[in-house]
Amino acid sequence: IVIGFLFLSAAACKKKTETFNMHYDYFGNQQGKFIIYKAKEINHLSPDSSVVTNYELKTLIGDTVHDNAGNVGNKYFRFVRQDASESWSLKDVWFIDIVNNQAILIEENEKKIKLVFSPIDSKTWDANAYNNLDELICEFEDIHQPFSIGGYSLDSTLKVVQEDQFNLIYFRKKHEIYAKGIGMVKKHYQHLDINNFDITNVNSGKELFLNMISYGQE
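Residues numbered from 1 in each chain as written. Predicted model: local features only at pLDDT ≥ 70, side-chain atom pairs only at ≥ 80, totals over all residues. Heavy atoms only, no water.

Asks: Sorry, what's going on with the side chain of Ser-156 here?
Replies: With respect to the helices, strands and loops of the structure, Ser-156 is situated in strand β9 (residues 152–166). Accessibility expressed as a relative area gives 15% for Ser-156, which makes it buried. A polar contact is formed between the side chain of Ser-156 and the side chain of Tyr-26, at a distance of 2.5 Å. If we skip the residues at most four places from it in the chain, Ser-156 touches Tyr-26, His-144, Gln-145, Tyr-178, Ala-179 and Lys-180. (Helix = DSSP H or I, 4+ residues; strand = E, 2+ residues; numbered from the N terminus. Buried < 20%, exposed > 50% of the residue type's maximum accessible area, 1.4 Å probe, protein only. Polar contact = N/O pair within 3.5 Å; in protein donor to acceptor, adjacent residues only side chain to side chain. Contact = heavy atoms within 4.5 Å.)

Asks: What am I meant to see in the sheet that holds β9 here?
Replies: With antiparallel pairing, the 12 strands of this open sheet are ordered in space as β6-β5-β4-β3-β2-β1-β12-β11-β10-β9-β8-β7. Either end of the sheet is taken by a strand with one partner, and the two such strands are β6 (110–116) and β7 (124–126). Geometrically, the sheet is characterised by an average inter-axis angle of 25 degrees between neighbouring strands, direction not taken into account. Sheet topology places β9 next to strand β10 (residues 170–179); 9 bridges connect them, and they run antiparallel. Each bridged residue has a counterpart across the sheet, and for Asp-164 the counterpart in β10 is Lys-173. (Pairing = 2+ DSSP bridges. Axes fitted to C-alpha atoms, helices over the stretch in contact; angles between N-to-C directions.)

Structure follows, in C-alpha cells:
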C-alpha cells in the first residue's frame, strides 16, 4: 500500500510539474545568449530590377533594462558582417522581454508579440496588438518537433506561422521557427506583389531568409 501511494504521489507531482511548464525557454532571452545567422535579403524594385544582399547577422541578449511601460527586459543587440573574415558591426539595439505569458520584441519602436505561452495548437494571437500596424494573426505548427539546421539536430522546436496567402496579385509567406533553449533559429519572410499568380514575376516586395549557423553563450 505504501509503495502504491508513493508511486501515485510521484506520478501526480510529475503531472503537476508538466502541467505548469510554460516552455518560456523557446524564446531564448537569457542574458549573454547569441545566435549567428546566414542571411539573404532580396529587395524587388520593379519586374526587371532587384537587389540581393548576402551577409551574416548576430543577435545577442544584453543587460537588463526598463522599457517605456516600466517592464524589466533585456537589450537585444544585432550585429552584421559580410562574412567570417570581417569584424562585427553594430546594426541596432532592440528590446526583448516576456510579459503576461507573451514574448515581446520591440523593434524600431514597434512592439510585437512573437510567441505566447504555453504553446498549443489551438492558440492564435495578433502579433501587432500593441502597435499601429495591420492585424497579423499568428498560430503554432509542429510544436515540440525535431528540426535540423546549420549542422545542428534540434530535439524540440516549434513553428510560428505569421502569414500564408497566395492569389492573383500578391504572395505572402512568413514564418519563424524557434528551438527550446536557443530562440529563433529560422526566419522565412516573403512579401511580394506579383502578376497573374506568378511568383517569379514580381512587381515589388521584399524577401528575407535567416538560417542559424551557430549559437552559444558569451
